[in-house]
Amino acid sequence: MQVRSILAIAAAATTLIAGGGAVLSGQQTRPDQPPAFRTGIEVVSVDVGVVDKQGQPLHGLVPTDFIVTVGGQPRRVVTAEFVDRTAERPTTVGAPDIAAVSTNEGGGVGRLFVFIVDQNTLDLGNARRVASAAAPFFDRLTFADRSALMLMPLGPNVPFTWAHTRVQQQLSRVSGMGRQASGWEFGSLSEARDISTRNPIALRSIEERECRGSSISAGGLGSSPAGPPSGGATPPAGPASPTGGGTPPGGETGGTGTAPPTAGPPAGATSGPTRSPGGLGGFGLNACSRDIQMQADSAWRSAQMNSLASLGALRQFLEVLGRVRGDKTVILISGGWPLEEREENSLVSMVAADAAAARASIFSIFVPSSPFSAERRMMTSTPMADNYLHLGPLETLSAMTGGASFRAEVGAERIFEQLGREMAGYYRIGVEKDPADADGKNRRMKVQVSRSGVNVRAREVFDVRSYEDRDWAARLASAIDGPVPATGVGLRVTSYLSADPDTGAHRRLLLSGEISRAQRGEATVRVLVSDLQGTKVTSGEVPLMHTGEDTMPFSTNIAVPPGNYIVRVGVIDSAGHVGSVDHRVDVRDVPVGPLSATGPLLVRVPAGGADARLALDSARQNERLALEVDLEGDTARLDGTDVQFEIAATTDGPALIHTPAVLSRSARDGFMLAQGAVDLRVLPPGSYIARAKIKAGAEPLGEVRRAFTVLDSPRLVVEAGNASGVDAGRTATSRHAARLPAVAVAPFALEQVLSAPVLHAFLDRVAARPDASSPAVRELLDRARSTGLEGLAVTDAQAGAPVGAFLKGLALLAENKLEPAAASFRSAMRTSADFYPAMVYLGACYAAGGNDKEAAGAWRTALIREGNTVAVHAMLADAFLRQGRGDLAVADLTDARARWPADEGLNRRFVVAALQAGRHTDGLQALDDLVAKKADDEPSLALALLVLYEAFESREPIESIDRDRARMVRYADSYRARGGPSLALIDTWVDVATRKN
């Protein structure tokens, strides 16, 4: 069996087109077609943080501990899975591990963290101060997580990535763009707000402080001479009236900047305070008071416009995040948003609704401006009021989205420590859908737990729609391009490397996987290969047909240059459910001395002619495992290379199974293929290592290896009425025949018929024939007896007689010239029908050529006259055993043992034949006698131990469990004393047997 052909069958129908744009296959549903969900319970996944008073995640909650109401009505929690992030922490920050098998099942799906920096509201150095404190938080993130950076109002942005160091580095470079409101030098922003909203008390307070007691001449508040502000300074000229509702301060020069057109105020918001026609209109004020009024109006309008621009940009960011599947944790770093009190709740509620649609929880970090600013003429008189003016909307938004708000007065280290502690574990609960949810309307959701003294963080809006629900065509694309894997369909994926037959510059990346929870029908698998910086390398897709099994295997391959890659594999089934998984691969050869190797490939070869396929991470006991390694190097070096395949329990443990590889040259110079196969039936279920040891002569060059698991074979169910499992026509002592993992009988060797004892016995029989009386024939016979067959020359004239033809056949056979020798033996039998020694040696020609069936036929015929020769019986039994016909061998050996009961060779062959034929009791009893006489051999002991091991595995003892175990230990001791090559495997069998009941 050639493994290359197996791989071709496994991958031929699923080869990907490299570099092509991926498009969905014909089963793609129209964009306006609603999704066809499978029957059963549909759930909405919600991430819920539950922490105790110390901020530590609470463990041990089950679905019934969660109380969820949607629109005021209780909703059942179907699942509650605790995701423990502490167990997933990587040893190297930002570097994903290379796993043999990647899966989207279980809690391995990480979280989405988005850092949003509101630059317009932060002083120059505040953003960097907070960013430097976030380093320990990034250390907690794993490859399963994704982080991103968004800067308001402009960029640059970092898209979702597992390379968290990229986000951290960009975050550390962010600078604040906020400035103190130009022209407002008379007090705090809260005072400017009060004056702008026509609070006469606030204006009088500033006027008395800044205008030396001058009072307002109009409006019934008295008058005073106009004069400059206190200190004798001339009041600065107020700024020109803002146009278009004002612009936020910013820009590199510190002047006013223009907000981007995409960051306008939220819908329904006003652009600034509205003056009333009465009251303090400004025309009745003195010059100082008018200046204060104008500056207050400008400062408050500028602050509001800055806030509205930030809110508008945030809403746009949330709209983008809504296109990304899964719950997101937004860490918003901001200097706050001063807003009109009457508008604050409505504006924040709109942003909170956007966050709910994006499934985002917002954790805000408020960074107050420094009260000591070079641009201030005086310190604020109301710092607490100013801080709350900025902080209030952040706190409200965080509470409404299921997050929390923090203040970074001096340092933010404690904030990120608390965030990291709270997010070290969370619950992913599945909330049951209701038919009414199909209307697409958002409903208020409340999540509680039946524990006291805990804080629960969850979003307040139950939004069952996803971006993919709204856009059917985007489902598979989102599964491939999204930052985290999709889990609607289960996926497990592994990869192998092999040489690319088309070019030496690339390697063939072989992907093998299993799809679970998929709907029957057409499916599509799409693959995207990207480098570690997220740059697309190649992509493609293949159609599949799912016929309804529990799992659907698939294999495909794609050519890539050497390097490190992230492979995203996605699938969409016939009902529109999608799944995806990330798999990291290192496409590099393994150096082995002067050569390089790829592999080993592991291919499952099921019994019964079923299709072979690449192993994912396991194979069954009733299967064979084909192994393959590609070697590359100098042609002369490859010619002297030897490869040995081994199966071991540990990386450096002794070989339990070993088989030499068959080496074949590739079509391309400098490449060689090593192939082999092993029978897994001899291995107990468990974890193993496949090793390919590469040598150059006696010099070891290195090895490549791969871990895999051996699974138990499916148990046969015995039908009622035949509980014994024995056919009606089978005797009670007969059991299922043993299928040998390797031939327990050595291949035929010419020495078996050309050794002196056997050869001389047949020469003596030939010498007794009447046609052997001539002097020339006597001379030939005497030379064959005395000096052997080497150099024995038989003329054509002599070969015309039966004895001469026989002697010429012997001479040719000694030179391993099988066909000419067989022709001479046939010639001897044609001229003399009773020339049975020629029949024996004709059988030897067949056996030496590997034709055991023809050899057995010749020897059975020869037994008519040569039945008294033990060697013929032994060779016939070996021929039957090599064919796996232990039943035929037992029949002949039973008669032979009756004639020669003390012959140890026949008895050892009988043991193997009886065990192979399923007559285990007879075989083991015969072996007991040999062990007692110390006349056993390695093949009979190894096969007997295998039979006993299988009896324990199948729970069908041959005699009894105790007697079988004692016999197994006794045989193992004998095998150990002989130092057999399979001692490590036999010790494994004995260990299994002694542990089983």
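Residues numbered from 1 in each chain as written. Predicted model: local features only at pLDDT ≥ 70, side-chain atom pairs only at ≥ 80, totals over all residues. Heavy atoms only, no water.

**Regarding the overall build of the chain**
Counting its secondary structure elements, the chain contains 27 helices and 33 strands. For the chain, the share of sequence-separated contacts (at least 6 apart) that also reach a separation of at least 24 residues comes to 72%. (Helix = DSSP H or I, 4+ residues; strand = E, 2+ residues; numbered from the N terminus. Contact = heavy atoms within 4.5 Å.)

**Some thoughts on the nonpolar core**
By size, the foremost hydrophobic cluster in this structure holds 137 residues, and its most contacted members are Leu683, Phe806, Leu807, Leu813, Phe825, Tyr841 and Trp859. Ranked by the residues each element gives to this core, the list is headed by helix α25 (residues 938-954), at eleven residues. (Core = buried A, V, L, I, M, F, W, Y, C linked by side-chain atoms within 4.5 Å. Buried < 20%, exposed > 50% of the residue type's maximum accessible area, 1.4 Å probe, protein only.)

**What about the sheet that holds strand β7 (residues 146-152)?**
Pairing in this open sheet of six strands is mixed, and the strands run β8-β7-β6-β9-β10-β11 from one edge to the other. Only two strands of the sheet have a single partner each, and these edge strands are β8 (158-161) and β11 (405-407). Strand-to-strand twist across the sheet, computed as the mean angle between neighbouring axes with direction ignored, equals 20°. Taken together, the six bridges between strand β6 (residues 112-118) and strand β9 (residues 328-334) define a ladder with parallel strand orientation. In the sheet register, phenylalanine 115 faces β9, and the bridge partner there is isoleucine 331. Packed on one face of the sheet, helix α7 (residues 287-321) meets β6, β7, β8, β9 and β10 (360-366) and runs near 150° to β7. (Pairing = 2+ DSSP bridges. Axes fitted to C-alpha atoms, helices over the stretch in contact; angles between N-to-C directions.)

**Topic: the sheet that holds strand β15 (residues 461-462)**
A sheet is described by the order of its strands in space; here four strands give the open sequence β3-β2-β13-β15, paired in antiparallel fashion. What marks the edges here is a single partner per strand, and that holds for β3 (73-75) and β15. Pairing of strand β13 (residues 443-449) with β15 involves two bridges; the strand directions are antiparallel. Bridged to arginine 444 within β15 is valine 461.

**A word on helix α6 (residues 200-210)**
Every buried residue of α6 is listed here: Ala202, Leu203, Ile206, Glu207 and Glu210. Taken down its axis, α6 places every buried residue within 130° of arc, on the same side. Residues of α6 that are exposed and point more than 90 degrees away from the buried face comprise Ile201 and Glu208. (Arc of directions from axis to C-beta.)

**Regarding the pattern of salt bridges**
Enumeration according to the criterion identifies 43 salt bridges in this entry. The shortest N-O distance in the salt bridge between arginine 526 and glutamate 541 comes to 3.1 Å. Here the residue arginine 526 occupies a position in strand β18 (residues 521-531), and glutamate 541 occupies one in strand β19 (residues 536-546), the gap between them amounting to 15 residues. Accessibility assignment for this pair places arginine 526 and glutamate 541 in one class, buried. Glutamate 646 serves as the salt-bridge partner of arginine 691, at 2.8 Å between the closest nitrogen and oxygen. (Salt bridge = Lys/Arg side-chain N within 4 Å of Asp/Glu carboxyl O.)

**Considerations on the side chain of arginine 967**
Its location among the elements puts arginine 967 in helix α26 (residues 961-978). Arginine 967 gets classed as buried once you look at its relative accessible area, which sits at 6%. Among the polar contacts made by the side chain of arginine 967, one reaches the side chain of glutamate 959 at a distance of 3.4 Å. Setting aside its immediate chain neighbours within four residues, arginine 967 contacts Leu924, Gln925, Asp928, Leu948 and Glu959. (Polar contact = N/O pair within 3.5 Å; in protein donor to acceptor, adjacent residues only side chain to side chain.)

**Examining unusual backbone geometry**
Geometrically, the link from glycine 599 to proline 600 is a cis peptide bond, its omega value of 0° lying close to zero. Phi at arginine 359 is positive, roughly 55°, even though this residue is not glycine. The residue arginine 359 is located in the loop between α8 (341-357) and β10 in this model.

**Some words on the packing of aromatic side chains**
Throughout the structure, instances matching the rule amount to 16 aromatic pairs. For the pair tyrosine 688 and phenylalanine 708, a centre-to-centre distance of 6.2 Å together with 35° between the ring planes defines the contact as tilted. A residue pair is termed long-range when its members are at least 10 positions apart, and tyrosine 688 in strand β32 (residues 686-696) and phenylalanine 708 in strand β33 (residues 699-711) qualify at 20 residues. Considered together, tyrosine 688 and phenylalanine 708 belong to a single accessibility category, that of buried residues. The interplanar angle of 80° and the centroid separation of 5.8 Å between the aromatic rings of phenylalanine 806 and tyrosine 841 together place this pair among those described as edge-to-face. In this pair, phenylalanine 806 sits in helix α17 (residues 802-814) while tyrosine 841 sits in helix α19 (residues 836-848), placing the two residues 35 residues apart along the sequence. Ring-pair connections join several aromatic residues into one group, and the members of that group are Phe113, Phe115, Phe137, Phe138 and Phe416. Of note, arginine 769 hangs over the ring of phenylalanine 835, and the distance from its end group to the ring centre comes to 4.4 Å. (Phe/Tyr/Trp six-rings, centres within 6.5 Å; stacked < 30°, edge-to-face > 60°. Lys NZ or Arg CZ within 6 Å of the ring centre and 35° of its normal.)

**With respect to the environment of leucine 476**
In this fold, leucine 476 is placed in helix α12 (residues 475-481). Between the alpha carbons of leucine 476 and valine 578 there is a distance of 6.3 Å; along the sequence they are 102 residues apart.

**Some points on the packing of α17 against helix α18 (residues 818-831)**
Relative orientation of the contacting elements α17 and α18 amounts to 165°, with a least axis distance of 8 Å. Here α18 runs roughly antiparallel to α17, going by the angle between their axes. Between α17 and α18 lies a crossing of left-handed hand. For the pair α17 and α18, the contacting residues are Pro802, Ala805, Phe806, Lys808, Gly809, Leu810, Leu812 and Leu813 in the first and Leu818, Pro820, Ala821, Ser824, Phe825, Ser827, Ala828 and Thr831 in the second. Per-class residue counts for the contact of α17 with α18 are eleven nonpolar, four polar and one charged. (Parallel < 35°, antiparallel > 145°, perpendicular 65-115°, else oblique. Left-handed = near helix turned anticlockwise from the far one by under 90°. Nonpolar A, V, L, I, M, F, W, Y, C, P; charged D, E, K, R; others polar.)

**Concerning the pairing of β7**
Both faces of the sheet carry side chains from a regular strand, because those side chains alternate between them. Burial runs high along β7: seven of the seven residues are buried. By the bridge criterion, seven bridges tie β6 to β7 in an arrangement that is parallel. By the bridge assignment for β7, aspartate 118 is matched with methionine 152. Relative to β8, β7 is paired through two bridges, and the arrangement is antiparallel. Considered in β8, the bridge of leucine 149 is made with valine 158.

**As for the pairing of strand β12 (residues 425-432)**
A large share of β12 lies buried, amounting to seven of its eight residues. Relative to β12, strand β1 (residues 43-51) runs antiparallel, the two being bridged by six bridges. Each bridged residue has a counterpart across the sheet, and for valine 48 the counterpart in β12 is tyrosine 427. When strand β4 (residues 77-84) meets β12, the two strands line up antiparallel, connected through seven bridges. Counterpart to threonine 79 in the pairing with β12 is glycine 430.

**Points about the confidence of the model for the chain**
Per-residue confidence for the chain averages 78 on the pLDDT scale, and 79% of its residues sit at or above 70. pLDDT under 50 marks residues 88-97. Its contacts with residues more than four places away, or in other chains, come to 18 contacts. Here residues 374-378 scores under 50 on pLDDT; set against residues more than four positions off or in separate chains, the count is 14 contacts. (pLDDT = per-residue confidence, 0-100.)

**Brief notes about the packing of helix α21 (residues 870-882) against helix α23 (residues 904-917)**
Geometry of a packed helix pair, given as the angle between the helix axes and the separation of the axes. Where α21 contacts α23, the two axes come as close as 11 Å, and the packing angle between them is 25°. Of the possible angle classes, the one that applies to α21 and α23 is roughly parallel. Here the hand of the crossing between α21 and α23 comes out left-handed. On α23, the residues touching Val870, His873, Ala874, Ala877, Asp878 and Leu881 of α21 are Leu906, Arg909, Val912, Ala913 and Gln916. Looking at the contact of α21 with α23, its residues break down into seven nonpolar, two polar and two charged.

**Some details on the side chain of aspartate 630**
Within the secondary structure, aspartate 630 is located in strand β27 (residues 624-632). There is a polar contact of 3.3 Å between the side chain of aspartate 630 and the backbone nitrogen of alanine 499.

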